[in-house]
Amino acid sequence: MTEPLLSLRGLGIRFGGLVAVDDVNLDLPPSHITCVIGPNGAGKSTLFNLITGIYKPSAGTVALDGEDITGLPAHQVAAKGIARTFQSSRLFEDLPILDNVMIGMHARTRTGVLTALLTPGRARRELAGCAEEAGRILKSLSEALFARRYEPAGILPQADRRRLEIARALASKPKLILLDEPSSGMDDRDTADLMADIRRVMAENPGLSFLIIEHDMRLVAELPQDVVVIDYGKKIAHGKFADVRLLPRVQQAYLGQKAVEDA
Ligand SMILES: Nc1ncnc2c1ncn2[C@@H]1O[C@H](COP(=O)(O)OP(=O)(O)OP(=O)(O)O)[C@@H](O)[C@H]1O
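These figures come from a predicted structure and were not determined experimentally.

Undergrad: Would you mind going over unusual backbone geometry with me for this structure?
TA: Phi is mostly negative for residues that are not glycine, and the peptide bonds are mostly trans. Not every positive phi belongs to a glycine, and Glu 181 is a case in point at roughly 50°. Along the chain, the position of Glu 181 falls in the loop between strand E7 (176-180) and helix H8 (188-204). For Tyr 232, which is not glycine, the phi dihedral falls at a positive 45°. By the secondary structure assignment, Tyr 232 is in the loop between strand E9 (226-231) and strand E10 (234-239).

Undergrad: I'm lost on the site of the ligand in this one. Help?
TA: Around the ligand lies a shell formed by Phe 15, Leu 18, Ala 20, Gly 38, Asn 40, Gly 41, Ala 42, Gly 43, Lys 44, Ser 45 and Thr 46. Elements represented by at least two residues in the shell around the ligand include exactly strand E2 (18-28) and helix H1 (44-51). For the shell around the ligand, the leading source of residues is H1, giving three residues. Looking at side-chain class alone, the shell around the ligand contains four nonpolar, six polar and one charged residues.

Undergrad: I keep staring at the nonpolar core and nothing clicks. Help me out?
TA: Where a protein is soluble and globular, its nonpolar side chains tend to be buried together. Counting residues in hydrophobic clusters, the biggest one holds 65 residues, and the most contacted among them are Val 36, Ala 134 and Ala 167. Dropping the residues within four chain positions of it, Val 36 is found in contact with Lys 44, Leu 47, Leu 211, Ile 212, Ile 213, Val 228 and Ile 230.

Undergrad: I'm lost on the pairing of E9 in this one. Help?
TA: In the case of a regular strand, side chains alternate between the two sheet surfaces. Among the six residues in E9, five count as buried, and that is most of the element. Where strand E3 (residues 33-37) meets E9, four bridges bridge the pair, whose relative direction is parallel. Note on E9: the bridge partner recorded for Thr 34 is Asp 226. Pairing analysis gives five bridges linking E9 to E10, with the strands arranged antiparallel. Note on E10: the bridge partner recorded for Ile 230 is Lys 235. Here E9 folds back onto E10, and the loop between the two strands holds two residues, one of which, Tyr 232, carries a positive phi near 45°.

About the cut-offs
- Residues numbered from 1 in each chain as written.
- Predicted model: local features only at pLDDT ≥ 70, side-chain atom pairs only at ≥ 80, totals over all residues.
- Helix = DSSP H or I, 4+ residues; strand = E, 2+ residues; numbered from the N terminus.
- Near = placed C-beta within 6 Å.
- Nonpolar A, V, L, I, M, F, W, Y, C, P; charged D, E, K, R; others polar.
- Core = buried A, V, L, I, M, F, W, Y, C linked by C-beta atoms within 7 Å.
- Buried ≥ 20, exposed ≤ 12 C-beta atoms within 10 Å, placed from the backbone.
- Contact = placed C-beta atoms within 7 Å.
- Pairing = 2+ DSSP bridges.

Here you go:
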């Protein structure tokens, strides 16, 4: 079997009396799309926060490409190769679209794009190189977004905001991208475009994997190779969506015990 890209062992965190993520073991291969599903409050976002160093685990380990990254602060996790987007959009609304992509490079540039953007005159050469690369990334994701690259990000509709966030994540040259509910607020057409974007990004970036929290079952049924189901902080299933959705434990998590008995 291929060496896992991401490997979680016994991962958990408690907030006072609440065990929000409980003893999660998970291996994700490279070049793979996995969706994380589960009822509201199951612990999906908390799992992302543990993987990306926003929370320090109470138990267990996180390894990327065989390297233990447990407990590293978020910026170091990003530099190791894990990028993410959030449930709510986190763009710099007043900055141009292109600059929003360049900010994604901050984790891996020597001077730091942020410093360079904020102190004109310094690190000009590095900044010019970054702008060129950011333009290339943007163009590969969307010609239309590239054409509007000097307009402020704040004017973009929801689907383009998501696209721009993915471009910004790509700018850090990640091995793994975590997307938190990327299709929220999208109609069917936007969701279909989003899936096409993700497939194209995968094809253009060999080895890159996605871990995606999603509630939209059309996307979950179509896009990932595998699905992980979380309930009350525990991983209760992992496999093909067609198989996982039939498991009584999964149906119970979504519908409740009574509905399963009545079905
Ligand atoms: N910083 C925190 N302090 C205390 N409790 C927290 C904290 N973060 C999350 N929780 C709790 O952990 C549990 C899991 O929350 P989480 O947001 O991870 O769920 P989720 O599966 O992402 O839900 P949703 O699908 O609604 O976004 C919830 O009961 C939540 O209230």
